[in-house]
Amino acid sequence: MAITLPPGLNQQTLPKDAAQSGLTRSRAGGRILRSATAGALAVWFVLPLVPLGLWVFADRWSYPAPLPQDWGLQNVDSALSRGAATAFAGSLGLGLVVSAVATPLGVLAARSLAFHPSRWSAPVSALLFAPLALPAFVAVFGLNVLLVRLQVPSYAGVVLVLTVYALPYTTYVMRLAYAAHDIGFDEEACTLGATQGQVFLRVQFPLIAPALARAAFLAFLVGWSDYLVTLLIGGGSLVTVPLLVASAASGAGNDGIVAVLSVMALVPPLGLLLGLTGRRRRGGWS
Amino acid sequence: MLYSVSGGYAKVPLAFDQDAFDRLSPALLNELEDLKPSLWRQGSTYPKSSGELDALYAGGQVDSTMTYGPATLTKLVADGTYPATTKVLTLDEGTVGNASFLAIPSTSGQRSGAMVVANIALSEEQQATKADPRIWGQFPVLDSDALSPEGRALFEQLPTSPVVPGYEVLSKNANPELAAEWVPALDEAWRRQILAGG
Amino acid sequence: MPAAEVLTARTRPRPRTAAGHGTKARVQGLLLAVPAVLLVAFVVVGGSAMVAAQSLGLMPLVGRPELSTAAYTAHGGDLLVGVGLSLAIAGASTVLACLIGFAAALIMMQGRWCGKLVAAMSSLSIPVPHIVGAATAGLLLADSGLLARVFGAAERWPDVVGGQWWLAVIFEYAWKESAFVGLVVAGTLATRSVDYEETAALLGAGRLGRLRHVLLPLSLPALIISGTIAFIYSFGSYEVAWLLGRPYPEPLPVMALRLYNSVTLTARPEAAAVAVVTAVVSLGAALVALACLRKIPLWR
């Protein structure tokens, strides 16, 4: 699953004044070209979200009217009566559980890779990144039989597969954080008489907290945005927002409901993202 | 359509058999082939599902759609999804009709419980609720002559629709439905010859 | 993924290992990775093995297991067409995503309001689930979608959704993945390009020269990594092609899911065969990308 964070979150350092250097400053023609490109790119990224904004408030929008004929909030009621609230809770729960499992496992694996290099490190990291090269539906086709025979509850099955698809991201983010982590701090704290618990709480945790937040967010996104794994392994017992979107989008007359559900699918991760970037800006964690 | 090209539903055995399929399907497929120029995008492609066909109808891309739940049309026309000029078309030859049913698996461990549920689903109250277009809008399976007076009152309270004719009109000359084994065979033949045939 | 930091991580000195080098410490270190490794091995190795077994007729739903390749030849022509179609869709959307994403990264890197605007807009699309992206792309691009309505195009609107060229599907992937590629590449450039650019400018390199000899080579590893992830994702993903595509010919995941859900009992091995083919091509793409990375001096 291709997901990432904006550079503000990924980078330890941002070149605030990259363009300010006199050597690379552009001339007027270049500036106009750049503004035009920036405008075009902004439209490219935002345009697909525009229909959502209109349809959410469209109580009546028959073809071929270019704009909604009646505005209102009926779609919200319709979405709620389709079980939007339950699905929202289902999605939130799934995202949080996947995040709660995949983040600590990623931390452990990353610690092993970063601080205990051995001849096993290469195959271990190859295996941990393998999910990126294996389409999820392939694994699900195979596992479904296995999980049924082993009588694994479907919820556990969904969490298992999604955790595995989140692990490359959490491991990777934590591996980078540990690569930049100076173990000297730990040793110094030990020398000064800190216990292991104190070292973890007062030294290690503050140092890796931003990375931990990024890893947890990425894992949350994997659970939050999944459709196929939830559908095939969950077998309908677990209803999430993407499942409702799919069922509404394949019928007629549901465009407004699709829009409400889509906005529901967007708000929590965007809120988390803003929370993460905001904290960083204020320097809370760094 | 198979009924129509075969000369009526009486000519098609309800249970699937390969000989009947081989004998009857060519006429059907030819008819579908001939229809292509009149279809959406000249039959170069097809909607994947009836939901998609409905969406095309709502978007003014096709002039008709089909449904197993005509009672839902009232709401779709009222909220402006379907055009106000939408009319239900009943064919002289009749249309396929069926009743939803509940089944109990032979391996079920809760046979009597399932029967109780089935009885509730068949009750006058549940059938009347199901027939309400504001709830679901599916026609009842109960014989109207056998209803109790209270039950009859429940059904009489249901609103009539400006779009959908009554059950008597729609169910007139209803054709029986083929056995499920016909579906994959017809599906595959359609996929191979009509859909992939370009 | 922030592949950007692969490079920066490599240039930093390796951290000293905390726990000496005794065998016990080494085993303990290895044990830390065991939970993650077990889960991944179960899903990846177990899942692939079971799929392969199903496709070869070793796990039929009914009847005796029997080794056979019948599932692979049952839809011979359609399977090959599916490979071609999936490659074309994934290829076209990845190329677009890389071009647009690279342009976006260059703008983001410049900072100022242009860069901030593009960075903010592209991060908007990051948390959008693909199924939502597909639904909203449909609302925008369908024959009766927003654009067709606004332009009053009616009959003249091209077949974007469900059309011959799969344009809506390619658009959705290109849209989502261009933001991904853009942010990853911007991440790489942000940490490394300033000094190089200034040096090049000092030595008299023009804008195009700087782009070609400095920015492009610096971004190449990140471009390859993010492009490959985007390619494999769009090659093996179902919902977008299902919602915005046409029913024939079918991309591999759509074909696999249709067979998987078919009521015909023999269709399961055929679905598994399509899955195996998808997995083999995806793995091939990953290996090609790794081989390319190894050839790049910056990567080593």
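The model shown is predicted, which means the values in this text are computed figures rather than measured ones.

**A word on the overall build of chain C**
Turning to step 1, where the next piece is worked out: Each helix and strand counted, chain C has twelve helices and zero strands in total.
Turning to step 2, where the next piece is worked out: Ordered by position in the sequence, the α and β elements of chain C form the string α-α-α-α-α-α-α-α-α-α-α-α.
Turning to step 3, where the next piece is worked out: Taken along the three principal axes of its C-alpha coordinates, chain C extends 75 × 70 × 30 Å.
Turning to step 4, where the next piece is worked out: Across the 300 residues of chain C, 59% fall into the buried class.
Turning to step 5, where the next piece is worked out: The contacts in chain C between residues at least 6 apart in sequence include a share of 72% that link residues at least 24 apart.
Turning to step 6, where the next piece is worked out: Of the roughly 12,500 Å² of accessible surface on chain C, a fraction of 68% belongs to carbon and sulfur atoms.
Turning to step 7, where the next piece is worked out: Here chain C contributes 22 positively and 14 negatively charged side chains, and the mean placements of these two sets differ by 15 Å.

**Quick word on the environment of P247 of chain C**
Turning to step 1, where the next piece is worked out: Tracing the backbone through its elements, the reader meets P247 of chain C in the loop between helix 10 (239–244) and helix 11 (252–260).
Turning to step 2, where the next piece is worked out: Once residues within four sequence positions are removed from consideration, P247 of chain C is found in contact with T45, Y46, K48, R191 and L195 of chain B.

**Some thoughts on the environment of Y238 of chain C**
Turning to step 1, where the next piece is worked out: If you trace the backbone, Y238 of chain C turns up in the loop between helix 9 (207–235) and helix 10.
Turning to step 2, where the next piece is worked out: The exposure class of Y238 of chain C is buried, given its relative accessible area of 9%.
Turning to step 3, where the next piece is worked out: Taking the C-alpha atoms as reference points, Y238 of chain C and I131 of chain C, 107 residues apart in sequence, are found 9.3 Å from one another.
Turning to step 4, where the next piece is worked out: Every residue in contact with Y238 of chain C, bar those within four places of it in the chain, is listed here: Y227 and L228 of chain A together with P253, V254 and L257 of chain C.

**Concerning the interface of chain C and chain A**
Turning to step 1, where the next piece is worked out: Listed by partner, the interface residues are 109 residues for chain C and 114 residues for chain A.
Turning to step 2, where the next piece is worked out: Taken together, both faces of the contact between chain C and chain A bury some 10,000 Å²; the carbon and sulfur share is 77%.
Turning to step 3, where the next piece is worked out: Linking chain C to chain A there are zero salt bridges.
Turning to step 4, where the next piece is worked out: Joining chain C to chain A, the criterion identifies ten residue pairs in polar contact (both at pLDDT 80 or more).
Turning to step 5, where the next piece is worked out: Of all the elements, helix 2 (residues 23–55) of chain C adds the most residues to the side of chain C that touches chain A, at 21 residues.
Turning to step 6, where the next piece is worked out: When the residues that make up the side of chain C that touches chain A are grouped by side-chain class, the tally is 78 nonpolar, 17 polar and 14 charged.

**Re the pattern of salt bridges**
Turning to step 1, where the next piece is worked out: Under the definition given, this model contains seven salt bridges over all chains.
Turning to step 2, where the next piece is worked out: For E33 of chain B, the salt bridge goes to K36 of chain B, with nearest N and O atoms at 3.6 Å.
Turning to step 3, where the next piece is worked out: R41 of chain B is the partner of D143 of chain C in a salt bridge, and the nearest nitrogen-oxygen pair spans 3.0 Å. On the criterion of chain membership, the pair formed by D143 of chain C in the loop between helix 6 (130–141) and helix 7 (146–150) and R41 of chain B in the loop between helix 2 (18–35) and helix 3 (50–58) is interchain, its members lying in two chains. Take D143 of chain C and R41 of chain B: they sit in the same class, and that class is buried.
Turning to step 4, where the next piece is worked out: Through salt bridges with shared partners, one network takes in R41 of chain B together with D143 and D159 of chain C.

**Describing the packing of helix 5 (residues 84–115) of chain A against helix 8 (residues 154–179) of chain A**
Residues and elements named next belong to chain A.
Turning to step 1, where the next piece is worked out: It is the contact of helix 5 with helix 8, at a shortest axis distance of 6 Å, that shows an interaxial angle of 45°. In terms of orientation, helix 5 lies oblique with respect to helix 8. Considering how the two elements wind past one another, helix 5 and helix 8 form a crossing that is right-handed.
Turning to step 2, where the next piece is worked out: Of the residues assigned to the contact of helix 5 with helix 8, the class counts are 20 nonpolar, six polar and two charged.

**Some remarks on the side chain of R149 of chain C**
Turning to step 1, where the next piece is worked out: Counting through the fold element by element, R149 of chain C comes out in helix 7.
Turning to step 2, where the next piece is worked out: Buried charge R149 of chain C goes without a salt bridge, the closest partner of opposite sign being D255 of chain A at 5.4 Å.

**Looking at the interface of chain A and chain B**
When the parts of a complex come together, some accessible area is lost, and that lost area is often taken as the interface size.
Turning to step 1, where the next piece is worked out: Chain A puts eight residues into the contact, and the matching count from chain B is 16 residues.
Turning to step 2, where the next piece is worked out: Buried surface at the junction of chain A and chain B, both sides included, amounts to about 650 Å², of which 50% is carbon and sulfur.
Turning to step 3, where the next piece is worked out: Here chain A is connected to chain B by zero salt bridges.
Turning to step 4, where the next piece is worked out: For the pair chain A and chain B, the number of links is two residue pairs in polar contact (both at pLDDT 80 or more).
Turning to step 5, where the next piece is worked out: Here the side of chain A that touches chain B is composed, by residue class, of two nonpolar, four polar and two charged.

**Thoughts on the nonpolar core**
Turning to step 1, where the next piece is worked out: Ranked by internal contacts, the top residues of the largest apolar core, which has 184 residues, are F45, F141, M174 and L261 of chain A together with L244 of chain C.
Turning to step 2, where the next piece is worked out: In terms of residues, this core owes the most to one element, helix 8 (residues 167–202) of chain C, which gives 16 residues.
Turning to step 3, where the next piece is worked out: Ignoring any residue separated from it by four or fewer positions in sequence, one finds F45 of chain A in contact with A104, V118, M121, S122, S125, W175, S178 and A179 of chain C.
Turning to step 4, where the next piece is worked out: With 15 residues, the next largest nonpolar core counts Y3, L28, L32 and W182 of chain B among its residues.

**Quick look at the packing of aromatic side chains**
Residues and elements named next belong to chain B.
Turning to step 1, where the next piece is worked out: Within the structure shown, the criterion is met by 18 aromatic pairs over all chains.
Turning to step 2, where the next piece is worked out: With 5.4 Å between their ring centres and 75° between their planes, Y46 and W190 make a pair best called edge-to-face. Taken as a pair, Y46 in the loop between helix 2 and helix 3 and W190 in helix 9 (residues 182–195) lie far apart in primary sequence, 144 residues in all.
Turning to step 3, where the next piece is worked out: In this structure Y46 comes out as buried when scored by relative accessible area, which is 12%.
Turning to step 4, where the next piece is worked out: Seen in terms of ring centroids, Y57 and Y82 are 4.9 Å apart; in terms of plane orientation they differ by 90°. Their pairing is edge-to-face.

The rules we used
Residues numbered from 1 in each chain as written. Chains lettered and ligands numbered in written order. Predicted model: local features only at pLDDT ≥ 70, side-chain atom pairs only at ≥ 80, totals over all residues. Heavy atoms only, no water. Helix = DSSP H or I, 4+ residues; strand = E, 2+ residues; numbered from the N terminus. Buried < 20%, exposed > 50% of the residue type's maximum accessible area, 1.4 Å probe, protein only. Contact = heavy atoms within 4.5 Å. Areas by Shrake-Rupley, 256 points an atom, 1.4 Å probe, with all protein chains shown as cover. Lys, Arg positive; Asp, Glu negative; His and termini not counted. Charge placed at Lys NZ, Arg CZ, Asp CG, Glu CD. Buried area = accessible area lost by both parts, 1.4 Å probe. Salt bridge = Lys/Arg side-chain N within 4 Å of Asp/Glu carboxyl O. Polar contact = N/O pair within 3.5 Å; in protein donor to acceptor, adjacent residues only side chain to side chain. Nonpolar A, V, L, I, M, F, W, Y, C, P; charged D, E, K, R; others polar. Axes fitted to C-alpha atoms, helices over the stretch in contact; angles between N-to-C directions. Parallel < 35°, antiparallel > 145°, perpendicular 65-115°, else oblique. Left-handed = near helix turned anticlockwise from the far one by under 90°. Core = buried A, V, L, I, M, F, W, Y, C linked by side-chain atoms within 4.5 Å. Phe/Tyr/Trp six-rings, centres within 6.5 Å; stacked < 30°, edge-to-face > 60°.

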